Amino acid sequence: AAGGGLRSRPVLGGAVTLAAPAGYCIDPGDVMEAGDSAVGLIGRCAGGNAAPAILTATVGGAGSGRGVAGSGEALAAFFASAEGRAALSRTGEARTVTVNEALAAGDAFLIRLTDTGAVPPEGWRAVLALRGRLVTLTVAGTPGAPLDAAAGRAILDRFLAAIRRANPATANPATAG
């Protein structure tokens, strides 16, 4: 459980704000920034009753999100390929990943996958562009409490909504300095 209780946290000098869905919190110690990218780990809030789940948000460098919106067919083909499955794999090996479902949801592309190199093996990913950056959201159960497909999708949908609310397209990202 995340004790810090943060629901949102700007990263990369305010370029993007990480945001957690209701019931989940960002632990400030679990946000890493390196160069022009960031990753945040999000868990259940202390004392909360949300489903046990591990959520991550990864933010790519400036310009990394170009061409993501509206390219569902190309993304589906990529993630079905060996290279795409390797990119999804916890171990980097295509053979561990099965893409169970891949679909566009507005400006995001969603993937339900099984990765035998991960515990638990079932999970969801969302890929979208925010403020020109590639953002990947991941939702998985915990080793003791795997999420079924519907529960994982419901959490992913709330995670996407929180991230979109925290990063309105019309807002100017804060500049560092």
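Quantities reported herein were computed from a predicted structural model and do not represent experimental measurements. (Residues numbered from 1 in each chain as written. Predicted model: local features only at pLDDT ≥ 70, side-chain atom pairs only at ≥ 80, totals over all residues. Heavy atoms only, no water.)

A. Representation of the side chain of Ser-89 in the model. Tracing the chain through its elements places Ser-89 in the loop between α2 (82-88) and β6 (97-105). Residues within four places of Ser-89 in sequence aside, it is in contact with Thr-96, Val-97 and Asp-115. (Helix = DSSP H or I, 4+ residues; strand = E, 2+ residues; numbered from the N terminus. Contact = heavy atoms within 4.5 Å.)

B. Region of the structure containing the sheet that holds strand β3 (residues 24-34). Ordered by their spatial adjacency, seven strands build an open sheet running β3-β4-β5-β9-β8-β7-β6, and the pairing between neighbours is antiparallel. Each end of this open sheet is capped by a strand with a single partner; those strands are β3 and β6. Across the sheet, the axes of successive neighbouring strands diverge by a mean angle of 20°, strand direction being ignored. Taken together, the six bridges between strand β7 (residues 108-115) and strand β8 (residues 122-130) define a ladder with antiparallel strand orientation. Its bridge partner lying in β8, Arg-112 is registered against Trp-124. Sheet contacts for helix α1 (residues 72-80): β6, β7 and β8; angle to β7, the most-contacted strand, approximately 15°. Each of β3, β4 (37-44), β5 (54-59), β6, β7, β8 and β9 (133-140) is contacted by helix α3 (residues 149-166), which is oriented at about 20° to β8, the strand it contacts most. (Pairing = 2+ DSSP bridges. Axes fitted to C-alpha atoms, helices over the stretch in contact; angles between N-to-C directions.)

C. Spatial organisation of α3. Counted at 1.5 Å a residue, the expected span for α3 with its 18 residues is 26 Å, and the 26 Å between its end C-alpha atoms agrees. Buried within α3 we find Gly-152, Ile-155, Leu-156, Phe-159, Leu-160, Ala-162 and Ile-163. Projection of α3 onto a plane perpendicular to its axis shows the buried side chains occupying an angular sector of 165°, all on one side. Turned more than 90 degrees from where α3 packs its buried face, Ala-150 and Arg-165 sit exposed. For α3, the capping residue at the N-terminal end is Asp-148, with a side-chain oxygen 3.1 Å from the backbone nitrogen of Ala-150. (Expected span 1.5 Å × (residues − 1). Buried < 20%, exposed > 50% of the residue type's maximum accessible area, 1.4 Å probe, protein only. Arc of directions from axis to C-beta. Polar contact = N/O pair within 3.5 Å; in protein donor to acceptor, adjacent residues only side chain to side chain.)

D. Examining the packing of aromatic side chains more closely. Evaluated as defined, the whole model comprises two aromatic pairs. Between Phe-78 and Phe-79 the ring centres are 5.0 Å apart and the planes differ by 65°, which places this aromatic pair in the edge-to-face class. Under the relative-accessibility criterion, Phe-79 is labelled buried at 9%. Among the aromatic residues, ring-to-ring pairing joins Phe-78, Phe-79 and Phe-109 into one connected group. (Phe/Tyr/Trp six-rings, centres within 6.5 Å; stacked < 30°, edge-to-face > 60°.)

E. View of the side chain of Arg-133. Relative to the elements of secondary structure, Arg-133 occurs in strand β9. In this structure the side chain of Arg-133 is engaged in a polar contact, spanning 3.0 Å, whose partner is the side chain of Asp-36. With residues near it in sequence (within four places) discarded, Arg-133 still touches Leu-12, Ala-15, Val-16, Asp-36, Val-59, Gly-60, Gly-61, Ala-62, Ser-64, Gly-65 and Leu-128.

F. Structural view of the pairing of β8. A large share of β8 lies buried, amounting to seven of its nine residues. Linkage of β7 to β8, two consecutive antiparallel strands, is achieved through a turn of six residues. Across eight bridges, the pairing between β8 and β9 is antiparallel. Across the sheet, Leu-130 pairs through a bridge with Arg-133, a residue of β9.

G. Geometry of the environment of Thr-91. Inspection of the secondary structure assignment puts Thr-91 in the loop between α2 and β6. Residue class for Thr-91 comes out partly exposed when judged on its relative accessible area of 42%. Residues Thr-91 and Ala-118, 27 residues apart in the sequence, show an inter-C-alpha distance of 7.8 Å. A distance of 3.1 Å separates the side chain of Thr-91 from the side chain of Ser-89, its partner in a polar contact.

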